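Chain and residue survey
One letter stands for each residue in the lines below.
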Amino acid sequence: MAIGETGLVRTTVRTLLRVGARPETTGFEHVPATGGFIVASNHLSFLDSVIIQALLPRQVRFFAKADYWTQPGLKGKIMSGFFNAVGSIPVERGDQSASVNALNQLVDFIEAGDGVGIYPEGTRSRDGRLYRGRTGVGWLALTTGAPVIPVGLIDTDKLQPPGRNIILPRKFQIRVGEPIHVEKLGPKHSLPIRRQTTDRIMDAIGQLTGQQRVASYNKRPDETAS
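The rules behind these values
Residues numbered from 1 in each chain as written. Predicted model: local features only at pLDDT ≥ 70, side-chain atom pairs only at ≥ 80, totals over all residues. Heavy atoms only, no water. 1 Å grid on protein atoms, 1.4 Å probe; cavity = no way out; pocket = protein on both sides within 12 Å on 5 of 7 lines; lining within 4 Å. Points joined across faces, edges and corners; volume = space filled by probe spheres on them. Helix = DSSP H or I, 4+ residues; strand = E, 2+ residues; numbered from the N terminus. Nonpolar A, V, L, I, M, F, W, Y, C, P; charged D, E, K, R; others polar. Axes fitted to C-alpha atoms, helices over the stretch in contact; angles between N-to-C directions. Parallel < 35°, antiparallel > 145°, perpendicular 65-115°, else oblique. Contact = heavy atoms within 4.5 Å. Salt bridge = Lys/Arg side-chain N within 4 Å of Asp/Glu carboxyl O. Buried < 20%, exposed > 50% of the residue type's maximum accessible area, 1.4 Å probe, protein only. Polar contact = N/O pair within 3.5 Å; in protein donor to acceptor, adjacent residues only side chain to side chain.

The protein is annotated in an unreviewed UniProt entry as 1-acyl-sn-glycerol-3-phosphate acyltransferase from Enteractinococcus helveticum.

1. A few points about the layout of surface pockets
Estimates place the volume of the second largest pocket at around 540 Å³. Elements with a contribution of two residues or more to the lining of the second largest pocket: α1 (3-21), α2 (48-55) and α3 (73-85). Its residues assigned to classes, the lining of the second largest pocket comprises 15 nonpolar, three polar and two charged.

2. As for the packing of helix α5 (residues 136-144) against helix α6 (residues 191-209)
Contact pair α5 / α6: the axes reach a minimum separation of 8 Å and the direction vectors enclose 105°. Considered as vectors, α5 and α6 are oriented roughly perpendicular to each other. Residues V137, G138, W139, A141 and L142 of α5 lie in contact with α6, whose contacting residues are I193, R194, T197, T198 and I201. For the contact of α5 with α6, the class distribution of residues is six nonpolar, three polar and one charged.

3. A short note on the pattern of salt bridges
Two side chains of opposite charge can pair, provided their charged atoms sit close to one another. Taken as a whole, this structure holds five salt bridges when the rule is applied. Here R61 makes a salt bridge to D114, at a shortest N to O gap of 3.2 Å. With a gap of 53 residues between them, R61 in strand β3 (residues 60-65) and D114 in the loop between α4 (96-111) and β5 (115-118) connect regions that are remote in the sequence.

4. Let's talk about unusual backbone geometry
Residues other than glycine predominantly adopt negative phi, and peptide bonds predominantly adopt the trans conformation. A positive phi angle is found at R22, which is not glycine, with a value near 45°. Mapped onto the elements of the fold, R22 is located in the loop between α1 and β1 (24-26). Judged by relative accessible area, which is 54%, R22 ranks as exposed. A positive phi angle is found at D155, which is not glycine, with a value near 70°. Tracing the chain through its elements places D155 in the loop between β6 (148-154) and β7 (173-176). For D155, a relative accessible area of 26% puts it in the partly exposed group.

5. Describing the environment of T198
Relative to the elements of secondary structure, T198 occurs in helix α6. The spacing of T198 and V137 is 61 residues in sequence and 6.3 Å in space, taken between C-alpha atoms. Filtering out sequence-adjacent residues up to four positions away, T198 remains in contact with G133, R134, T135, V137 and G138. A distance of 3.4 Å separates the side chain of T198 from the backbone nitrogen of G138, its partner in a polar contact.

Set out below in structure tokens:
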């Protein structure tokens, strides 16, 4: 999709969000004006990627479940069109090799000067708590040396009640924190520093959201059932 079309899609969704939900936004000045960067956010709602990609001042590329490109009906067409417009990367959920490939693609985007987004919790928090961060975000930061922009989302889960397709006009907050800078070590660095970097990022997200912290990893419903 052309750059002009991408800008039009983001502007349209941004306008709809601002008129319908009146979001409270803070810290947008922390998003770098140029160069590659990583957005690391908590995750409460299916709409979180849409919100971040529409509202932040620069384009942010997320990798997202491949299912989002195959949903039926008008909603499916709108969502797949939006994700294509903002440069999201489809990845098969639960496929480890696909996830690794997606991380490598994010490295390529960062090195090309783009912004990329990642949810360190791995999946949505269904109880509102902030779970332990998976270390992919630490690997990405240390591999590229790009600044990490922590983002805290508050009340985005109220926009779309669980199990319902309707989107409600509810206020929410998006808080952007100061960049976290790490040394560029390349892809072959120690696991302890990757864990330390991930924990540092999660601490920054937690300070923005005020969520109760959980020491364990979050799990998808299908993982819990198994």
